[in-house]
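Structure at a glance
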Amino acid sequence: MGRKYFGTDGVRGRVGESPITPEFVMHLGYAAGQVLVADRGSLPPNQHPTVLIGKDTRISGYMLEAALEAGLTAAGVNVLMTGPMPTPAVAYLTRALRLQAGVVISASHNPFEDNGIKFFSENGQKLPDSVEEAIEARLDQPIVTVEARQLGRARRIEDAAARYIEFCKSTFPNHLDLRGLRIVVDCANGATYHVAPHVLHELGAEVIAIGNAPNGFNINDECGATHTRALSDAVRTHRADLGISLDGDGDRLMMADSSGRIYDGDQLVYVIARHRIQTGYMKGGVVGTLMTNLGTEHALRRIDIPFERAKVGDRYVLERLQANGWTLGGETSGHILCLDKHTTGDGIVSALQVLRALRESGTTLDAFTADLESYPQVMINVPVSRGFKLDASSSVGASVADIEATLNGSGRVVLRASGTEPLIRVMVEGRDAAQVRDLAETLANTVKQAAAG
């Protein structure tokens, strides 16, 4: 069955435009509630399924939270609401509280004008395709509210942040602390603003928080994991030892060393993997994506760590990790999965695994990645109309073949449609930076012309 609404990371779009309208989101909540009621699992007959709803700091979160609550309770599902809470916190709390599902209202790293809905299953993982398809199948049916006696109830959880802070701290070894470290943490004016600084402080660090004053409109605005200049500048200004940058919903991570140099998801996965192989608790290999830098792949293989590529999207990284029985994977963008610590990507937990590697090795990010060569990689986003079929363009195919012949095995070309926006992502990678830039621009222009028709 084809998907009409669900992308690689739930349902996402511009607020006020289909599908991110209060009417649709209420219907989505109702459809999801119907699926949960139909599949009650081990619940006794007289007990309602219960769903947790968390959100980031966008102004539209209030409206969409109310719409979701209405739809779910109309289907006979109880609702627990956390208020602003990181996406991985919702995954954790859903599992810890033995609930039937978790829902996050967030558009992750996108600007405040966008929003989205993503679901977690009872085990704290993203819903399998079959369940998302079952929800979509019910979206064409009208809302028929259950009888009043069967309506769901809703209430807020007051200690959600404290529970999650303790969970994050539990993923850092008891014999270690962060005393003596001055750390800048950029919360992207998002859902980690009242969590990440406390985790680091309670582990002993001197914490300088930036991007921690959300107002509903400034989430990801020139801050956070997608705008790391703010972190670099703050690290240098405050003479910090390290910097940690999260995105609006807290599932992406970038870091900076004392000079303000930024380390992306590929480099941070390498740090964690190298430390684990050195200390004997690396399980299997590493899963990256089509976008993972070729230099990272080569560096991992030099230290005898198997590497495999998945499609772009942390759900696909997770699928390959589970299939292989491995625990570590991630994306260049900063989604890092440590399945021995959490069921989903978590920026705070991933940062703590990097900090563990540095504390136990007594070294720095720069030294720990000295043998990791990152090849020049240029990615250009080309706007296209919705429904544009990349594989139907012969001119694009011919351009890709020409570029691959030019690279002659010393680089890669990746073309893919964004799972969340009407964009084609053009990526070219190789050893020569100037050549890579020229080739990427050539291919991007070809895609643009093909999209224009």
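Presented here is an overview of the structure given in this document. (Residues numbered from 1 in each chain as written. Predicted model: local features only at pLDDT ≥ 70, side-chain atom pairs only at ≥ 80, totals over all residues. Heavy atoms only, no water.)

**Here's the deal with the nonpolar core**
Residues Ile244 and Leu355 are the most contacted members of the largest nonpolar core, which totals 63 residues. Other than its neighbours up to four places away in sequence, isoleucine 244 contacts Ile183, Val184, Val185, Asp186, Leu200, Leu231, Leu253, Met254, Met255, Ala351 and Leu355. Core analysis: the second largest hydrophobic core is formed by 27 residues, Phe24, Leu28, Leu36 and Ala67 among them. (Core = buried A, V, L, I, M, F, W, Y, C linked by side-chain atoms within 4.5 Å. Buried < 20%, exposed > 50% of the residue type's maximum accessible area, 1.4 Å probe, protein only. Contact = heavy atoms within 4.5 Å.)

**Thoughts on the sheet that holds strand β16 (residues 377-383)**
What links the strands of a sheet is backbone hydrogen bonding, and the strands pair in either a parallel or an antiparallel sense. Taken together, the 3 strands give an open sheet; going across it, the order is β16-β18-β17, and neighbouring strands pair in antiparallel fashion. Bordering the open sheet on either side are β16 and β17 (412-417), each of which pairs with just one other strand. Within this sheet the neighbouring strands show an average axis-to-axis angle of 15 degrees, counted without direction. When β16 meets strand β18 (residues 423-429), the two strands line up antiparallel, connected through 7 bridges. The partner of valine 378 across the bridge, within β18, is valine 428. Contacts between helix α14 (residues 433-452) and the sheet are confined to β16, β17 and β18, with β16 contributing the most and set at about 15 degrees to the helix. (Pairing = 2+ DSSP bridges. Helix = DSSP H or I, 4+ residues; strand = E, 2+ residues; numbered from the N terminus. Axes fitted to C-alpha atoms, helices over the stretch in contact; angles between N-to-C directions.)

**So, the packing of helix α1 (residues 22-38) against helix α4 (residues 129-138)**
If you want to describe how two helices pack, look at the angle between their axes and the distance between the axes. The interhelical angle for the contact between α1 and α4, taken along N-to-C directions, is 120 degrees, at an axis separation of 8 Å. It follows that α1 is oblique to α4 by the angle criterion. Between α1 and α4 the crossing geometry is right-handed. Together, His27, Leu28, Ala31, Ala32, Gln34, Val35 and Ala38 of α1 and Val131, Ala134, Ile135 and Arg138 of α4 make up the contact between the two elements. Of the residues contributing to the contact of α1 with α4, the split by class is 8 nonpolar, 2 polar and 1 charged. (Parallel < 35°, antiparallel > 145°, perpendicular 65-115°, else oblique. Left-handed = near helix turned anticlockwise from the far one by under 90°. Nonpolar A, V, L, I, M, F, W, Y, C, P; charged D, E, K, R; others polar.)

**Comments concerning helix α11 (residues 347-361)**
With 15 residues, α11 extends 21 Å from end C-alpha to end C-alpha; this agrees with the ideal 21 Å at 1.5 Å per step. Residues Gly347, Ile348, Val349, Ser350, Ala351, Leu352, Gln353, Val354, Leu355, Arg356, Ala357 and Leu358 constitute the buried set of α11. One or two positions beyond α11, positive phi appears at glycine 362, with a value near 65 degrees. (Expected span 1.5 Å × (residues − 1).)

**Brief notes about the pattern of salt bridges**
Counted under the stated rule, the structure contains 29 salt bridges. Across the pair lysine 169 and glutamate 202 runs a salt bridge whose closest N-O atoms are separated by 2.7 Å. Within this pair, whereas lysine 169 is found in helix α5 (residues 160-170), its partner glutamate 202 is found in helix α6 (residues 196-202), the two being separated by 33 residues in sequence. Salt bridges here are not isolated pairs; linked through shared partners, they connect Asp9, Arg12, Lys118, Lys126, Asp249, Asp251 and Asp314. (Salt bridge = Lys/Arg side-chain N within 4 Å of Asp/Glu carboxyl O.)

**What to know about the packing of aromatic side chains**
What the rule picks out here adds up to 5 aromatic pairs. Aromatic pair phenylalanine 6 and phenylalanine 119: ring centres 6.1 Å apart, planes at 50 degrees, arrangement tilted. Of this pair, phenylalanine 6 sits in the segment before β1 (11-14) while phenylalanine 119 sits in strand β5 (residues 114-121), placing them 113 residues apart in sequence. Taken individually, phenylalanine 6 and phenylalanine 119 each receive the classification buried, so the pair is uniform in this respect. Between phenylalanine 112 and phenylalanine 217, the aromatic rings sit 5.3 Å apart at their centres with planes inclined by 90 degrees, giving edge-to-face as the arrangement. Of this pair, phenylalanine 112 sits in the loop between β4 (101-105) and β5 while phenylalanine 217 sits in the loop between β8 (206-210) and α7 (229-237), and the two are 105 residues apart along the sequence. Phenylalanine 112 gets classed as partly exposed once you look at its relative accessible area, which sits at 25%. A relative accessible area of 45% means that phenylalanine 217 is categorised as partly exposed. Through a chain of ring-to-ring contacts, the aromatic side chains of Tyr92, Tyr164 and Phe167 assemble into a single cluster. Over the face of the ring belonging to tyrosine 62 we find lysine 55, whose NZ or CZ atom lies 3.9 Å from the ring centre. The lysine or arginine in question, arginine 274, covers the ring of phenylalanine 368, its NZ or CZ lying 4.9 Å from the ring centre. (Phe/Tyr/Trp six-rings, centres within 6.5 Å; stacked < 30°, edge-to-face > 60°. Lys NZ or Arg CZ within 6 Å of the ring centre and 35° of its normal.)

**Section: α5**
What α5 keeps buried is the set Ala160, Ala161, Tyr164, Ile165, Phe167, Cys168 and Lys169. Buried residues in α5 make contact with β3 (78-84), α3 (87-96), α6 and α11.

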